[in-house]
Amino acid sequence: MKNSFMREKVIHCGKNFIAPEIFPYTGRQQGAAKGRRGKKQKVSEPKQKNLNDRRAKRYFVQLANTNFGEEDLAVHLTYSPEYLPETEEKAHEIATRYLRRVAYRRDKLGLPPLKYILITQEGRKRNGTHRIHHHIIMNGGLDRDEVEAMWWKVKGTKKREAVMYGWANADRLKPNKKGIANMAGYMVQDSAGKKHWTQSQNLEKPWHRGPNDTKYSRRQLERIAKLPQDSEEYKRFWERQYKGWELVDSEQRYVEQSGWHFYLTMRRKC
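Worth saying up front: this structure is predicted, and the values here are computed from it rather than measured. (Residues numbered from 1 in each chain as written. Predicted model: local features only at pLDDT ≥ 70, side-chain atom pairs only at ≥ 80, totals over all residues. Heavy atoms only, no water.)

Q: Would you explain the sheet that holds strand E2 (residues 17-26) in this entry?
A: Remark on secondary structure: sheet strands pair via backbone hydrogen bonds, oriented parallel or antiparallel. Read across the open sheet, the six strands follow the order E3-E11-E1-E2-E13-E12; overall the sheet is antiparallel. Both outer strands of the open sheet, strand E3 (41-42) and strand E12 (245-255), are each paired with one neighbouring strand and no more. Docked against the sheet, helix H2 (residues 54-67) engages strand E1 (4-13), E2, E12 and strand E13 (259-268), running at close to 35 degrees with respect to E1. Along the sheet face, helix H7 (residues 232-241) touches E2, E12 and E13 and points at about 105 degrees away from the line of E12. (Pairing = 2+ DSSP bridges. Helix = DSSP H or I, 4+ residues; strand = E, 2+ residues; numbered from the N terminus. Contact = heavy atoms within 4.5 Å. Axes fitted to C-alpha atoms, helices over the stretch in contact; angles between N-to-C directions.)

Encoded structure:
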């Protein structure tokens, strides 16, 4: 493509992960997006946090890896048939009230403020019925049983048992080489129906500095794209480009109008 080059943008996800993105760019696009090379910038959030969108999924995983890790929680909430909300908006209201209870309990115990990402999913079945449910990533500190017990419709007292909206399960996050990308990926996996997320305002955002438009050549990356992504040569190439970082995941795709796009995940070497 005439007057085009390969742009590199390195996204920082906390202290232990970076997510380099390398993609074709044109001189016209460069002129419309001028900025200081070394200025630190937050990654812009997707305008629509629709998890059926490829870019939104990538940002979601980056946001999760930036803010959550070992000892934090993955919470899954469902509804019994008799309490199933009629709309996604109503379900979101119920989940928000639940999170307020969790936040209040944390405050009462002197724990740090609640941090969370809430996914509300409306899965549709072939017979036309739908099942709304929630996935939440939140910071740890509370006992798992206590977190589960707060998923009530009617609070329990000494005289009566709590009436629960449905099933609740809280698990400790177990990061691996990819951080919590596997759990985040499970939460945004493809399925029928809609998925979107909301988040607390106190999350740290992934960030990057100004892009580098001279590091890679189109010919160089066309050669790398032909290598198997699980080969040692492919892994060594990227780790030479980012010294001190280990390649733990990669995605590459070819767009006919522009060329190769690469999306990497790298972990800081011990």
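Now that the structure is up, let's keep going.
Q: What exactly am I supposed to notice about H7 here?
A: The α-helix advances 3.6 residues per turn, and as a result positions three or four apart in sequence lie on the same side. Inspection of H7 places Tyr234, Phe237, Trp238 and Glu239 among the buried residues, and these make up the whole buried set. Against the buried residues of H7 lie E2, helix H6 (218-225), E12 and E13. (Buried < 20%, exposed > 50% of the residue type's maximum accessible area, 1.4 Å probe, protein only.)

Q: Please explain the packing of aromatic side chains as it appears in this structure.
A: How two aromatic rings sit relative to each other is set out by the distance from centre to centre and by the angle between their planes. Taken as a whole, this structure holds 15 aromatic pairs when the rule is applied. Here Tyr59 and Trp197 contribute two aromatic rings whose centre-to-centre distance is 6.2 Å and whose plane-to-plane angle is 20 degrees, an arrangement assigned as stacked. Of this pair, Tyr59 sits in helix H2 while Trp197 sits in strand E10 (residues 194-199), and the two are 138 residues apart along the sequence. The residues Tyr59 and Trp197 share a single accessibility class, namely buried. In textbook terms, an aromatic cluster arises when at least three aromatic residues are bridged by ring pairs, as seen for Tyr216, Tyr234, Phe237, Trp238, Tyr254, Trp260 and Phe262. Taking NZ or CZ as reference, Lys115 lies 5.9 Å from the ring centre of Phe68, over its face. (Phe/Tyr/Trp six-rings, centres within 6.5 Å; stacked < 30°, edge-to-face > 60°. Lys NZ or Arg CZ within 6 Å of the ring centre and 35° of its normal.)

Q: Explain the nonpolar core to me, please; I cannot follow it from the model alone.
A: Generally speaking, a soluble globular protein has its nonpolar side chains buried in company with each other. One finds Val75, Tyr98, Leu99, Ile136, Met138, Val147 and Trp151 to be the most contacted residues of the largest nonpolar core, which totals 23 residues. Secondary-structure elements contributing two or more residues to this core are strand E4 (73-77), helix H3 (88-108), strand E5 (116-124), strand E6 (130-138) and strand E9 (168-172). In terms of residue count, H3 provides more of this core than any other element does, six residues in total. Residues within four places of Val147 in sequence aside, it is in contact with Leu73, Val75, Tyr98, Met138, Leu142 and Ala170. Counting 22 residues, the second largest nonpolar core, distinct from the first, contains Phe17, Phe60, Leu63 and Leu173. (Core = buried A, V, L, I, M, F, W, Y, C linked by side-chain atoms within 4.5 Å.)

Don't take any of this as a statement about function, it's just geometry.
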